[in-house]
Amino acid sequence: MNEPIFNKRQVLVFRHFENKGYSLFACLGKVVVCSVLSVATLTHASAESVSVKPVTADSITGKTDKELMLDEVSITGSRAPMTALQAAKMVTVITREDVNRAAAASVNDLLKLTTGVDVRQRGGFGVQTDISINGGTFDQMAIFLNGINLSNPQTGHNAADFPVSLSDIERIEIYEGAAARVFGSTAFNGAINIVTKQHTDSEIQIGLQGGSFGTFGSDGSIAINSKRIYNRMSGGYLQSDGGTINDYFKKRQVFYQGSSSSRHLDLFWQAGLSSKDFGASTFYSAAYPNQYEETRRIITSVKGDIKLLNERLIISPTLHWTRNVDHYQLIRDKEGAENGENYHRSDVYGGSLNAHLTWALGKTAAGMDIRKEHLISTAYGKLLQEEEWTPIGGSTRMYNRKGDRTNTSFFLEHNIILRKWTVSAGLLLNKNTGLDSKFRAYPGIDIAYRPNTHWKLYASWNKALRLPTYTDLYISNRIQQGDLTLRPERNSMFKAGVRFRTQAFEVTLSGFYSRGRDMIDWVYETATSTRYHALNIGKLDNMGLNIHLRHQLSVVNYQLGYAYIHQTHSTEQPIHKSLYALEYLRHQFTAKVDHPIYKHLSAHWDVRWQQRINGYHPYWKIDMKLQWNAKNYELYAKIDNLTDHHYYDIGGVLQPGLWFMAGGRIRFAL
């Protein structure tokens, strides 16, 4: 029966923030709904302003929960922050709610179910992971933590060594395609930015988990939020025997961040440490099943936003330093270079100065960035004089090789913003001493058209260049041979797409064409080769299609994704087998389903099917998670690889079968 509703209130949804003194009076006698769309902030936006907040629809419609979205939130896929409605770029975002619901044990597990993202994982819990986008390779990705570039000049294999756990993450932003003019030369084929929780209530959180294969872990955090200063510290530990032979690991991380805000100055600072010890099984060669590796990463950074001219002019200086330490043994406990043991330590430090101005003709941004890369090693770089050798802690060996290169970048961009159109055009001027002393230009343009509030069409073209890593250039052992004559990779990326969105339904369709030249891969040149050789493999063009659909159907939320890639390759080099660039995902299908069961109990299902080129068998993988969510605590049980299917993502590295985990988290307000 229909119940009469007395004192019915009108719902007011803010779509334009006028910043008028009398705006509050427009709210009287109305239900006010404020919600935001989570979109990219990456290196130059205020991360605290963007999130996704589920709104209880009972107070609005008397029906089910919905997520109302506003497009007038400050974001950026450009050098100057713009609103989501204005921005010319489309960015995939894994929200905090997605992280909470997912049957994921690591950041890498979350990325596996993102349309167009290829995650080739060695071992469970993301012990070592190669991440790529739209047919690229792991060395072609730029990885950021709160806008600070974590890319490692030694190798991209360790790029996913994050000093944060899943409970620290607010969202993950994924940008597809060449993005040098926005994020620098390391963003050759895409960028991923992890944004941590900021400006939460003062609280303490403690988590505990355990499960199959002797897996045990715990983590905790404390946040203290005063009127002007916010501080948060977290830490975690995880160990396991691993799901396959010689796949055990120990992981530790500590992370601290803080921020302060005043009328004319905002500050943000962070520091973190990640540490991993793991059996590397057959990670780099099936001929050596007892490999071992230890990695350490330290990060520090501080950034300021100086607000002038009523915030129409923002000047943002940044300082950063990252240290990566890598100890690798081809045969565990076999020391010495003759046994394939290597030590590497890289320091990446530098600073940037960026500014953007809002004026009558749009938004103009300019900036510069200096990034110094310094490596000492037992295997990579130029041989040093004996008096220049550096002791290695915990070893009798010495760092006897060194590599240095400096990357200097200048950025310029202008954005024209009209009622239905946005045009964003920019240029990167870049010089790297590892190549020569010449500046090279990398332009790009992004265009968006919005015929109404439901539709958005976009197109872009961007260029990029990537220098070889020190591993590409110098490695020489029983299984790999680098090449000092390698040329930089060059890429032009065309991308176009369309998005249709309503309150409960969203579908995005996009296509891309990547025109690669002098691409780098590790290959067997003949059928009798015994070592992979780093080569420029010639022309490599990737063409693809991505489709993503999200639908809130009553109390059930589901998402579907499909990605297809076609590759054309031409070269004069003899190639018998590829290790990375030619082993791309031809087909990838993903599905996510969330539904309630009883009161606070809900279920989440992840399904993935993929077909990889170059001799890999297609496979299905199903994960699930049961979760009890209460106000101050949560309990969960999850199963990874529910069908206990044995499969391979890379080389001869067997992935774990069924993996059961259970745990909980409790929160205390301060």
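This report concerns the structure included in the present document.

So, how was this worked out
- Residues numbered from 1 in each chain as written.
- Predicted model: local features only at pLDDT ≥ 70, side-chain atom pairs only at ≥ 80, totals over all residues.
- Heavy atoms only, no water.
- Pairing = 2+ DSSP bridges.
- Helix = DSSP H or I, 4+ residues; strand = E, 2+ residues; numbered from the N terminus.
- Polar contact = N/O pair within 3.5 Å; in protein donor to acceptor, adjacent residues only side chain to side chain.
- Contact = heavy atoms within 4.5 Å.
- Buried < 20%, exposed > 50% of the residue type's maximum accessible area, 1.4 Å probe, protein only.
- Core = buried A, V, L, I, M, F, W, Y, C linked by side-chain atoms within 4.5 Å.
- Phe/Tyr/Trp six-rings, centres within 6.5 Å; stacked < 30°, edge-to-face > 60°.
- Lys NZ or Arg CZ within 6 Å of the ring centre and 35° of its normal.

## A closer look at the sheet that holds strand β8 (residues 142-145)
The strand order across the open sheet formed by 5 strands is β5-β10-β11-β8-β9, and the pairing between neighbours is mixed. In this open sheet, the two edge strands, each paired with only one partner strand, are β5 (92-94) and β9 (148-149). In terms of strand pairing, β8 meets β9 through 2 bridges, oriented antiparallel. If you follow Leu-145 over to β9, its bridge partner there is Ile-148.

## Describing the side chain of Arg-371
Mapping Arg-371 onto the fold places it in strand β20 (residues 362-377). Polar side-chain contacts of Arg-371 include one of 2.7 Å to the backbone oxygen of Ser-151. If we ignore the near neighbours within four places in the chain, the residues touching Arg-371 are Asn-149, Ser-151, Pro-153, Val-348, Tyr-349, Arg-405, Thr-406 and Asn-407.

## Examining the pairing of strand β32 (residues 532-536)
Of all the 5 residues making up β32, 5 are buried; the element is thus mostly covered by neighbouring parts of the structure. Because side chains alternate across β32, one face comprises the buried residues Tyr-532, Ala-534 and Asn-536, and the other comprises His-533 and Leu-535, equally buried. Across 2 bridges, strand β28 (residues 480-481) lies against β32 in parallel orientation. Note on β32: the bridge partner recorded for Gln-481 is His-533.

## With respect to the nonpolar core
Counting 29 residues, the largest nonpolar core has Phe-125, Phe-249, Phe-278, Phe-283, Ile-479, Trp-522 and Tyr-580 as the members making the most contacts within it. Taken together, the elements giving at least two residues each to this core come down to β16 (265-281), α4 (470-474), β31 (520-524), β32 and β40 (659-669). In contact with Phe-125, not counting residues within four places along its chain, are Ala-105, Ser-106, Thr-215, Leu-238, Phe-249, Lys-251, Trp-659 and Met-661.

## Section: unusual backbone geometry
Negative phi is the rule for most residues except glycine; trans is the rule for most peptide bonds. Residue Asn-146 is not a glycine yet carries a positive backbone phi of 50 degrees. Looking at the element boundaries, Asn-146 is found in the loop between β8 and β9. Asn-146 gets classed as buried once you look at its relative accessible area, which sits at 15%. The backbone of Asp-644 shows a phi angle near 55 degrees, a positive value even though the residue is not glycine. Relative to the elements of secondary structure, Asp-644 occurs in the loop between β39 (633-640) and β40. What makes Asp-644 partly exposed here is its relative accessible area of 39%.

## A look at the packing of aromatic side chains
Evaluation of the coordinates by the stated rule reveals 19 aromatic pairs. Their ring planes at 90 degrees and their centres at 5.4 Å tell us that Tyr-284 and Tyr-328 sit as a pair that is edge-to-face. Placement of Tyr-284 in the loop between β16 and β17 (291-308) and of Tyr-328 in strand β18 (residues 313-329) is noted, with a sequence separation of 44 residues between them. The buried category is assigned to Tyr-284, whose relative accessible area is 15%. Look at Tyr-328 and you get buried, because its relative accessible area is 9%. On the basis of an interplanar angle of 10 degrees and a centroid distance of 4.0 Å, the ring pair of Tyr-524 and Tyr-532 is categorised as stacked. Its relative accessible area of 9% is what places Tyr-532 among the buried residues. Taken together, the ring pairs connect Phe-125, Phe-213, Phe-249 and Trp-659 into an aromatic cluster. Between Arg-332 and the ring centre of Tyr-292, over which it is positioned, the NZ or CZ distance is 4.2 Å. Sitting above the plane of the Tyr-636 ring, Lys-625 keeps its charged end 5.1 Å from the centroid.

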